[in-house]
Amino acid sequence: MTNLSIPTDGWYVLADARVHASTVDGLAGQADRDGFLRADLAIADGRIKAIAPRGDKPIPPRAVDLAGRIVLPAFVDCHTHLDKGQTWTRMPNPDGSFMGALTAVGNDRMAFWNSTDVARRMDFGLRTAYAHGTRAIRTHLDSIFPQETISWDVFTETREAWKGRIELQAASLVGAEQIREAEWFSRLADRVARAGGVLGAVTYLIPDIVEMIDRAFLEAMERGLDLDFHADETDDVASVTLRLIAEAAIRHRFEGRILVGHCCSLSRQPDDEVLRTLDLCAEAGLAVVSLPMCNMYLQDRRANGTTPRWRGITLLHELKARGVPVMVASDNTRDPFYAYGDLDMLEVYRQATRIAHFDHPVGDWPRTVGATPATVMRLEDAGRIAAGASADLVVFRGRSWTELLSRPESDRAVIRAGAAIDRVIPDYSELDDVVGRP
Ligand SMILES: [Zn+2]
């Protein structure tokens, strides 16, 4: 923000910040009608040293007077596909359909995904996310043979290069049929374990899906891995693999963390089936991530020139009411699964607010882009504004939800470990030699 000068070193106070009650620890006081409290945040040695209610005190020395602007914890984006990102120019989705996306990505992967190609596009995505204020990302990595021998090494190198700026995690992405190759899948699980990753797969209805899900659980348990599934990304009411995952977690007494993404068909199923699945998800301790922008794009797309009538998202309110941790994330960016997107978690939250009604009341929905995904990713310090926590914050112009969510907030300030970062969003033309020019 041009008129904010945040010190680059030493201690200072972010005075009169508006922090949301759902994102701050240890701050008493009366929230405004949007759920915000006004506070002074003392920053030193890269950490939040103290949080004090604003009250009527004079603005302290060495203060940056925010005049009631909103400050959110730096974002956590728990479901992305950095390995697919930015490929649209060279490999668009011909019709915007799910099958069109699968085919186009498969062709792109086989033709182009060597380590340089994957590394260049991953780095582009990370620089974009970092500039928008994201501090942790989980990416899925297409791990269909032989891609796993390329992308996982790129991931471990990229994670190292980004240490201290973005905490990068990866989950394997394979179709349920590929789990049938038992020996290969076991070797993939070894590779995931060596890289400190999460074991993941896409689940949909095939005759032996229960057995394939079991195999994923057993391979994860053998190595102490967490699990991350893409489930039921379809409007087909028969697709109930979310429930099958919950049943498997209960059957195996799985002790790791399980994140399940999409779960679109749940919104289309009859009420009694839905209730049973919701209860099982809660009992199994699953966490669910919705990908609202990608779901809007792919789900209910009609070939006959008619208008979509369904939003594509899963039952976030109902899951949350059952105590299931729910969150939202970016998913795909500028690839055949989603033609748009910029790894901007404020955009994801803004769109989620509109698509899934994260408002009236806002309640604790802001946790869906911070503390909740941080817990699933085992990053206990992230997504919270708390005394002692790293000072990773995003400062906006908006002073209320309607101000915050009505504009792109392109000139937000991003503070990482107490210092304002240089927010350079990479230019698309940087990838012209990789993906071609439009
Ligand atoms: Zn995904």
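Residues numbered from 1 in each chain as written. Predicted model: local features only at pLDDT ≥ 70, side-chain atom pairs only at ≥ 80, totals over all residues. Heavy atoms only, no water.

Caption draft 1: Fine view of the packing of aromatic side chains. All chains considered together, the criterion is met by 12 aromatic pairs. For the ring pair Tyr297 and Tyr340, a centre distance of 6.0 Å and an interplane angle of 85 degrees mean the geometry is edge-to-face. Taken together, the residues Tyr297 in helix α8 (residues 292–298) and Tyr340 in the loop between β13 (326–328) and α10 (345–356) connect sequence positions 43 residues apart. On the basis of relative accessible area, Tyr297 is assigned to the buried category, the value being 10%. Each ring, one from Tyr349 and one from Phe358, has its centre 5.8 Å from the other, and the planes form 50 degrees; the classification is tilted. Exposure remark for Tyr349: the relative accessible area of 4% places this residue in the buried category. Given a relative accessible area of 1%, Phe358 falls into the buried group. Ring pairing ties together the aromatic residues Phe36, Tyr349, Phe358, Trp365 and Trp401, which thus form one cluster. (Phe/Tyr/Trp six-rings, centres within 6.5 Å; stacked < 30°, edge-to-face > 60°. Helix = DSSP H or I, 4+ residues; strand = E, 2+ residues; numbered from the N terminus. Buried < 20%, exposed > 50% of the residue type's maximum accessible area, 1.4 Å probe, protein only.)

Caption draft 2: Just the coordination of the zinc ion, in detail. Donor atoms from the polypeptide that bind the zinc ion are His79 (NE2), His81 (NE2), His230 (NE2) and Asp331 (OD), placed at 2.1 to 2.4 Å. Given 4 donor atoms and angles of 86 to 174 degrees at the metal, the environment of the zinc ion is assigned as irregular. Between consecutive donors of the zinc ion, the numbers of intervening residues give the motif H-x1-H-x148-H-x100-D. For the pair formed by His79 and His81, the shared burial category is buried. (Donors = N, O, S within 2.8 Å, 3.2 Å for Na, K, Ca; no water. Tetrahedral: all angles 85-135°; square planar, octahedral: opposite > 155°, others 65-115°.)

Caption draft 3: Spatial organisation of the nonpolar core. By size, the foremost hydrophobic cluster in this structure holds 109 residues, and its most contacted members are Phe217, Phe229, Ile245, Ile258, Val260 and Leu286. Of the residues forming this core, the biggest block, 7 residues, is contributed by α10. With 23 residues, the next largest nonpolar core counts Leu27, Leu393, Val395 and Ala413 among its residues. (Core = buried A, V, L, I, M, F, W, Y, C linked by side-chain atoms within 4.5 Å.)

Caption draft 4: Examining the pairing of strand β15 (residues 413–416) more closely. Burial along β15 is two-sided: Ala413 and Ile415 facing one way and Val414 and Arg416 facing the other are all buried. Two strands pair when backbone bridges link them, and β15 and strand β16 (residues 419–420) are joined in this way by 2 bridges, in the antiparallel orientation. Paired with Ile415 across the two strands is Ala420, which belongs to β16. What sits between the antiparallel neighbours β15 and β16 is a turn of 2 residues, in which Ala417 has the positive phi angle 45 degrees. (Pairing = 2+ DSSP bridges.)

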